[in-house]
Amino acid sequence: MKILVIGATGNVGSRVVEESLARGHSVTAVSRQPATQTDTARLHTVVADASDREALSHAGRGHDAAVAALSPWSAGGNDAFLAAIGAILAAVKQEDIPYVLFTGGASSLEIKPGRRVIDEQKEQMPTEALGPALAVYDAYKLIRASDVNWTFLSPAGHFEPGARTGQFRLGGEQPVTGASMQGTISPEDFAVAVLDELERPLHRCQQFNIAY
C-alpha cells in the first residue's frame with residue numbers, strides 16, 4: 001500500500017510512518033520541517049505546509065490512502081489547522097485517494113446520544129481555554145460533511161509516549177472508557193490502530209476511539 005502521511009514528523013505522524021514502514025508499506029511523509037529520516041525505496045519525504053492544497057495533491061497522486069496527523073498546535077493555531085483540514089479534503093478529492101484517516105482529539109466523542117465531550121467542556125472550562133477543542137470539533141464537522149471516504153480516530157484522555165503493546169480497546173463514537181474519559185493510550189499503540197484500520201477497514205465514514 002502507498003500511504004501519504006501528513007504531519008509526518010509530529011508525535012503521531014512519526015509513529016504512523018514507523019509502523020507503516022515496519023509493515024512493509026511505502027510512505028510519502030509530508031511535514032513543514034525537513035524530516036530526520038533519509039529517503040529510501042519505500043520512504044519519500046516532502047517539505048510542504050498542510051494548508052497547501054496543490055502541494056498535497058502533487059504529493060498524494062497515486063496513493064492508496066492518506067493519514068492526516070495534525071492538531072491545532074502542530075498546524076500553527078486553530079485557523080491554520082482548519083485551513084489544513086479543508087486543503088486535505090480538497091486534495092484527497094482532487095486526486096481520488098480512496099481513503100483518508102484523520103487523527104483527532106476527543107471533543108467530538110459522545111458522552112451519550114446528543115451530548116458530546118465538547119458540551120461538557122463548555123460547562124467546565126472558560127471559553128478562552130476551549131479554542132483547540134472547538135477547532136478539533138469544527139474539523140470533525142467539516143470531515144463528516146465531506147464526500148470523501150474518511151475515518152476519524154480519537155485517543156483516550158491521557159495520550160502519553162510509551163510502549164508498543166498491540167493490546168488496547170476500541171470504541172465507536174462513545175468513549176470506550178466511559179464518560180470519565182480517564183483512559184490512556186500511547187502514540188505507539190495509536191499508530192498500530194491507524195495501520196490496522198488502513199489494512200482492514202472497519203470504520204469507514206465513522207469516528208472511533210482507542211484506550212487501554
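Predicted model, so just to flag it, every value in this text is computed and none were measured. (Residues numbered from 1 in each chain as written. Predicted model: local features only at pLDDT ≥ 70, side-chain atom pairs only at ≥ 80, totals over all residues. Heavy atoms only, no water.)

**A few points about the overall build of the protein**
What counts here: The secondary structure listing takes helices from DSSP runs of H or I that are at least 4 residues long and strands from runs of E that are at least 2 residues long, numbered from the N terminus. Only C-alpha atoms enter the radius of gyration; for comparison, a globular chain is expected to reach 2.2 Å times N to the power 0.38, where N is the number of residues. Partly exposed describes any residue whose relative accessible area lies between the buried limit of under 20% and the exposed limit of over 50%, with all areas from a 1.4 Å probe on protein chains only and scaled to the type maximum. Every residue pair with non-hydrogen atoms within 4.5 Å of one another is taken to be in contact. Throughout, the Shrake-Rupley method with a 1.4 Å probe supplies accessible areas, and for residues the shown protein chains are the sole cover considered. In this tally Asp and Glu are treated as negative and Lys and Arg as positive; neither His nor the chain ends contributes. One atom stands in for each charge, and that atom is NZ of Lys, CZ of Arg, CG of Asp or CD of Glu.
A count of helices and strands for the protein gives seven helices and 12 strands. A compact globule built from 212 residues should have a C-alpha radius of gyration of about 17 Å, and the protein, at 16 Å, falls within 12% of that. Taking the principal axes of the C-alpha coordinates as reference, the protein spans close to 50 × 35 × 30 Å. The 212 residues of the protein split such that 48% are buried. Within the protein, counting contacts between residues at least 6 apart in sequence, those at least 24 apart form 73% of the total. Entry remark: accessible area of the protein is about 9400 Å², with carbon and sulfur atoms responsible for 50%. Across the protein, the 18 positively charged side chains and the 24 negatively charged ones have centroids separated by 3 Å.

**A closer look at the pattern of salt bridges**
Under the convention used in this document: Salt bridge, as used here: a side-chain nitrogen of Lys or Arg that lies within 4 Å of a carboxyl oxygen of Asp or Glu.
For the structure on display, the rule yields 13 salt bridges. Salt-bridge contacts for R116 lead to E110; the nearest nitrogen and oxygen are separated by 3.9 Å. The exposure classification of R116 matches that of E110, with both residues buried. Among the salt bridges present, the one from R115 reaches E120, with a minimum N-O distance of 2.6 Å. What makes E120 partly exposed here is its relative accessible area of 23%. Residues joined in a network through salt bridges with shared partners are E19, R23, R164, D196, E199 and R200.

**A few points about the packing of aromatic side chains**
Rule in force here: Centre distance within 6.5 Å is the pairing criterion for rings of Phe, Tyr and Trp, where only the six-membered ring of Trp is used; planes under 30 degrees apart are then read as stacked, over 60 as edge-to-face, and the remainder as tilted. Both a distance and an angle decide whether a charge sits over a ring: NZ of Lys or CZ of Arg must be within 6 Å of the ring centre and within 35 degrees of the ring normal.
Applying the stated criterion across every chain yields a total of three aromatic pairs. Centre to centre, the rings of Y140 and W150 are 6.3 Å apart; their planes meet at 85 degrees, and the pair counts as edge-to-face. Here Y140 is found in helix α6 (residues 131-145), whereas its partner W150 is found in strand β8 (residues 150-154), with 10 residues between them in sequence. The burial state of Y140 is the same as that of W150; both residues are buried. Directly above the aromatic system of Y99 lies the positively charged group of R204, at a separation of 3.6 Å from the ring centroid.

**Quick look at the nonpolar core**
Keep this limit in mind: Side-chain atoms within 4.5 Å are what join buried Ala, Val, Leu, Ile, Met, Phe, Trp, Tyr and Cys residues into a set we call a nonpolar core.
If you look at the biggest cluster of nonpolar residues, it comprises 34 residues, and the most contacted ones within it are F81, I88, V100, F102 and W150. Elements supplying a minimum of two residues to this core: β1 (2-6), α2 (53-60), β4 (65-68), α4 (78-94), β5 (100-103), α6 and β8. With eight residues, α4 is the largest single contributor of residues to this core. The next biggest cluster of nonpolar side chains, apart from the first, holds 26 residues, and it includes A8, A69, L195 and A211.

That is the geometry; function is a separate question.
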